[in-house]
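Residue strings, one per chain:
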Amino acid sequence: MSEKPGSMYREISKPAYTRREYITGIPGSQIAQHNMGNLQTDPDDYEVEVTLRVEEECQLRHGALESSRLSANRVMLKQVGQENYKMVLRKFPHHVIRENKQATGAGADRVSDGMRLSFGKIVGTAARIERNDRLFTIYCNPEDADVAKDALRRAYNKISPPCRIVVERGEELLIA
């Protein structure tokens, strides 16, 4: 069965549901890794820091986060090489998403319980993101900054809220 559209879970409307010790059957996170590129280097070793900031408060499902991470990391790997950058995904999907499944089709009224016992089954996890939070950060050299911006633009196309790409450090090196 296909997943529901992300717009159903985008708004933060309820308190966070994160107490995993009380919840059974949580599907594992699809996010493979949070730190990419050259893991031995320190962020201070690079002169430029480029960040993807989210402009609206929202929830992002773990599949969308992994999809955007993959596309940005692939661009950086192919065009810059693994030793020349460090990329960090800053959010983790803690929030557990529930859904009250409804039967459809012929005879659904006899099978379905409607709103009786409507707490819902667990369907996935999501990261809660506040306004102006940093989602991805890429540390690189000044000659690779345009590639980093393109990688973050591709990551931005995979997620739903409006975002902007900000050069946090080393902007004066890019102007000259």
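> Just to check I follow, could you spell out the overall build of the chain for this structure?
Within the chain one finds 4 helices and 8 strands. Element order for the chain, N to C, with α for helix and β for strand: β-β-β-α-β-β-α-β-β-α-β-α. Per-residue burial for the chain yields a buried fraction of 38% across its 176 residues. Considering only contacts within the chain whose residues lie at least 6 apart along the sequence, 88% involve residues at least 24 apart.

> Would you explain the sheet that holds strand β5 (residues 95–99) in this entry?
The strand order across the open sheet built from 3 strands is β3-β6-β5, with neighbouring strands paired in antiparallel fashion. A strand with exactly one partner marks an edge of an open sheet, and here the two such strands are β3 (58–61) and β5. When strand polarity is set aside, the average angle formed by the axes of neighbouring strands in this sheet is 50°. Here 4 bridges tie β3 to strand β6 (residues 121–129), and the two strands are oriented antiparallel to one another. Its bridge partner being in β6, Q59 is matched across the sheet by R128. Packed onto the sheet, helix α1 (residues 62–79) meets β3 and β6 and runs at close to 75° relative to β3.

> In this structure, what is going on with the nonpolar core? I would like to understand it.
As a rule of thumb, nonpolar side chains are buried together in soluble globular proteins. Counting 31 residues, the largest nonpolar core has M76, L135, F136 and I138 as its most contacted members. Elements that contribute at least two residues to this core include exactly β2 (48–54), β3, α1, β4 (85–89), β6, β7 (134–140), α3 (145–156) and β8 (163–169). Those residues in contact with M76, other than ones at most four positions away along the chain, are G81, Y85, I138, V147, A148 and A151.

> Got a minute to help me understand the sheet that holds strand β1 (residues 35–37) in this structure?
Note: strands within a sheet are paired through backbone hydrogen bonds, in either parallel or antiparallel orientation. Here we have 5 strands laid out as an open sheet, ordered β1-β4-β7-β2-β8, and antiparallel in their pairing. With one partner strand each, in any of the chains shown, β1 and β8 form the two edges of the open sheet. Adjacent strand axes in the sheet meet at a mean angle of 20°, parallel and antiparallel pairs treated alike. Here β2 runs beside β7; their pairing, made up of 6 bridges, is antiparallel. The partner of E49 across the bridge, within β7, is Y139. Of the strands in this sheet, β1, β4 and β7 touch α1, which is tilted by about 175° from β4.

How each quantity is defined
Residues numbered from 1 in each chain as written. Predicted model: local features only at pLDDT ≥ 70, side-chain atom pairs only at ≥ 80, totals over all residues. Heavy atoms only, no water. Helix = DSSP H or I, 4+ residues; strand = E, 2+ residues; numbered from the N terminus. Buried < 20%, exposed > 50% of the residue type's maximum accessible area, 1.4 Å probe, protein only. Contact = heavy atoms within 4.5 Å. Pairing = 2+ DSSP bridges. Axes fitted to C-alpha atoms, helices over the stretch in contact; angles between N-to-C directions. Core = buried A, V, L, I, M, F, W, Y, C linked by side-chain atoms within 4.5 Å.

Just geometry here; none of it tells us what the structure is for.
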